[in-house]
Structures are given as structure tokens and as C-alpha cells.
Amino acid sequence: MAPGKRDQRDVEPAEPVATTQSLTELLRLPVGSVDIGIMDTRATPGFPGTKADALALTQALAPELSDLQERLFASGRVSEEEAKKVLVILQGMDTSGKGGVIRHVIGMVDPQGVKIKAFKAPTEDERKHPYLWRIERELPPPGAIGIFDRSQYEDVLVVRVRKLVEEAVWNARYDEINAWENELLDAGTILIKCFLHISSAEQKDRLLARLDDPTKHWKYNPGDIEERARWFAYVEAYQAMLERCSTQRAPWFVIPADRKWYRNWAVAQLLLEHLRALKLEWPAADFDVETEKKRLAAT
Ligand code: AMP
Ligand code: MG
């Protein structure tokens, strides 16, 4: 990142920006070429306030999120064929806040309706299968919200950067993933692909904070320094992912993530907008309510 950017780190946005546009439109990556190096990781697009309002504004989304999630869950109980599934994919460099989003955003809804999966390096058993095999097994069932902390995209990110397979193999995966996602969409899955975009300087601060705080040592992995040394190779890999896999039907959302409070609000707002768009109704009773009341009264 440009060194000058650090100077503005503690300056809050001067003017609150009103959410005139949906965040879905605002953060959606246009199809085509991408330069994540020039995107401001400390920006707060669409945020209707300042940092001081962040917690309240995020919490204010909770009742509607929770209500819509329950409607979605109810639809899954009524008809597995017709119920939608929602899948939130979180990708980003180490310390970008994938775990934080799960805690703060997904924590706002009923855990019974949520399926969370953090993908690690594939196990020996997983490596015997095609790379999408372990991903497919973690997809949300009808009526559920699935959250991926890392995803199929690691197979064009760490795999590309660390040269874990030949170029021809990872290179073919962009189209494979697009085709696979199209099948998911056809089968009634709503995809919300979130790239949590942090700067190199912010990552350094967050790693240092982990080292400085004994309660965060468990989160620190000495291997993170080796990954950090490959920052530019990762930037290149992320850029290719965004360029080749942000499609009309399954766009990537780029979330400036240096400010944790903005990041959490933005993912919650995106999830809310996607759930609203489903226009979920409460399932109608498949029994006669008056008859049931009479039967109950007779007991
Ligand atoms: P963390 O998210 O910090 O728990 O780390 C998980 C690790 O698993 C990261 O270093 C990822 O790069 C690695 N990982 C996830 N998926 C894959 C994959 N498909 N191939 C290789 N490494 C992976
Ligand atoms: Mg880690």
C-alpha cells in the first residue's frame, strides 16, 4: 500500500454518507479488470454515520435479520425443494477478519439455522478427491444460511501462490468454479461472495497486536510471516480471482476491511439486503386453524 495512506488511519470520515444506494449495488465489483491496489481499504462506502454510531447501527439490523432468517428456516421445514439456501463466502488475507465477521454478524441470528465451515489445508483423505468435493459436503441445506471461512477459492489462491499444483491445473479452475457456482444458483442457492480487503500495514498491526497480547497468541501462527512475505503474489492471485470469478450472476463484493466496525456492518447489511430480496413469507398452515382450536379446547 502507498505509505501515505497510514497518515489518515485515525481520521474518521468527515461527512456521514447516507445510504441512498443499496450496499449490494455499491460494493458489487463490476465485471472486468480490477486493481485492488488502488482501492481504499479504510473507506466506509454507504455507511450512514461515523465510528461512534457503528455498534448501534449494526445492532439495529439484528431484529430484521433474525426475523428473515427464521422465515428462511421455516420455508426449509415446509418444502426442501422450494426453500432457498444462502451461502456467504468470506475470503481475505490473514487477519482480514473472517472470524470476526462470523462472531459479530452471524451471531445475530439463530445458530440452529446456520452452518459454518472454516476450510483448512486439505487432509490426506480430502486430497484423494477433486478439490470441490469437500466444499460440496459443507453446502447449506434448504432453509439454512451457510458461512464459509475460506472456500473453493483457496484452490486458486494459496494453491496458486505456493505452486501446489501445476499452472494448467489452477488456471482451469476459474471457469470450473464459475460453472459450479452457476449450478448452485440454478439449484436455489443465493451466493454472497465477500472479499475482506485489508492493507499490508493494517495486517502488520494486527499481527503485532496478536504477538503483544497473550490472549491472542493462540491466533498467531509463525507461518503467517511467510504468507505475508508473499503479499504481492497474493494480491495478484486475489486480483485474478476477482477478475475471472466476479460474474453477472455471482458477483464478488469488495469490503474495505481496515475498519472492523465498517466491515461488520457492511457484511450484515449485505446479508440483510439479500434476504429481503427473497421476499420471504411465513409458510401458511396446512391445517385448519379453527378446527384445531376447537380440538384443543375439547381437551
Ligand atoms: P486459518 O484460516 O488461519 O485457520 O488457516 C487455514 C490455512 O489453511 C491457511 O493457511 C490456508 O491457506 C490453508 N488452506 C485452506 N484451504 C486450502 C487449500 N485448498 N489448499 C491449501 N491450503 C489451504
Ligand atoms: Mg491464520
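Residues numbered from 1 in each chain as written. Chains lettered and ligands numbered in written order. Predicted model: local features only at pLDDT ≥ 70, side-chain atom pairs only at ≥ 80, totals over all residues. Heavy atoms only, no water.

J.: Would you mind showing me how to read the pattern of salt bridges here?
T.: When charged atoms on two side chains of opposite charge get close, those side chains can pair. In total, this model carries 13 salt bridges according to the counting rule given. Each member of the salt-bridge network shares a partner with another, and the members are R42, E202 and R206. (Salt bridge = Lys/Arg side-chain N within 4 Å of Asp/Glu carboxyl O.)

J.: What is the right way to look at the packing of aromatic side chains in this model?
T.: Here the distance between the centres and the angle between the planes together describe a pair of aromatic rings. Counted under the stated rule, the structure contains 8 aromatic pairs. Ring geometry for F47 versus W265: centroids 5.0 Å apart, planes at 85°, classification edge-to-face. Of this pair, F47 sits in the loop between α1 (23–27) and α2 (51–59) while W265 sits in helix α11 (residues 260–277), and the two are 218 residues apart along the sequence. Considered together, F47 and W265 belong to a single accessibility category, that of buried residues. Pairing Y153 with W252 gives two aromatic rings, centres 4.9 Å apart and planes at 65°, and the pair type is edge-to-face. Taken together, the residues Y153 in the loop between β3 (145–149) and α6 (158–161) and W252 in strand β5 (residues 252–256) connect sequence positions 99 residues apart. Note on accessibility: Y153 and W252 belong to one class, buried. (Phe/Tyr/Trp six-rings, centres within 6.5 Å; stacked < 30°, edge-to-face > 60°. Helix = DSSP H or I, 4+ residues; strand = E, 2+ residues; numbered from the N terminus. Buried < 20%, exposed > 50% of the residue type's maximum accessible area, 1.4 Å probe, protein only.)

J.: Help me understand the site of ligand 1, please; the structure alone is not making it clear to me.
T.: With respect to spatial proximity, the complete set of residues near ligand 1 consists of F119, K120, A121, P122, R134, R150, E154, D155, V158, V159 and L164. Within the side chain of K120, one N or O atom sits 2.3 Å away from an oxygen atom of ligand 1. Computed on the free molecule, ligand 1 has an accessible area of 500 Å², of which 75% lies beneath the protein chains in the complex. (Near = heavy atom within 4 Å. Polar contact = N/O pair within 3.5 Å; in protein donor to acceptor, adjacent residues only side chain to side chain. Areas by Shrake-Rupley, 256 points an atom, 1.4 Å probe, with all protein chains shown as cover.)

J.: Explain the state of the cysteines here, please?
T.: A covalent bond between the sulfur atoms of two cysteines is referred to as a disulfide. Under the counting rule described, the total for this entry stands at 0 disulfides. Cysteine C245 shares no disulfide, and the gap to the nearest cysteine sulfur, in C194, comes to 15 Å. (Disulfide = S-S within 2.5 Å.)

J.: Could you clarify how one ought to interpret the sheet that holds strand β1 (residues 85–92) in this entry?
T.: One key point about sheets: their strands pair by backbone hydrogen bonds, in either a parallel or an antiparallel sense. Read from one edge of the open sheet, 5 strands run β2-β3-β1-β4-β5, paired in parallel fashion. Lying at the two open borders of the sheet, with one neighbouring strand each, are β2 (114–118) and β5. Going across the sheet, the axis of each strand differs from the next one's by a mean of 20°, ignoring polarity. Bridge count between β1 and strand β4 (residues 189–197): 8 bridges; the pairing is parallel. Within β4, the residue paired with I89 across the bridge is K193. Against the sheet, α11 contacts β1, β3, β4 and β5, and its axis sits at roughly 150° relative to β5. (Pairing = 2+ DSSP bridges. Axes fitted to C-alpha atoms, helices over the stretch in contact; angles between N-to-C directions. Contact = heavy atoms within 4.5 Å.)

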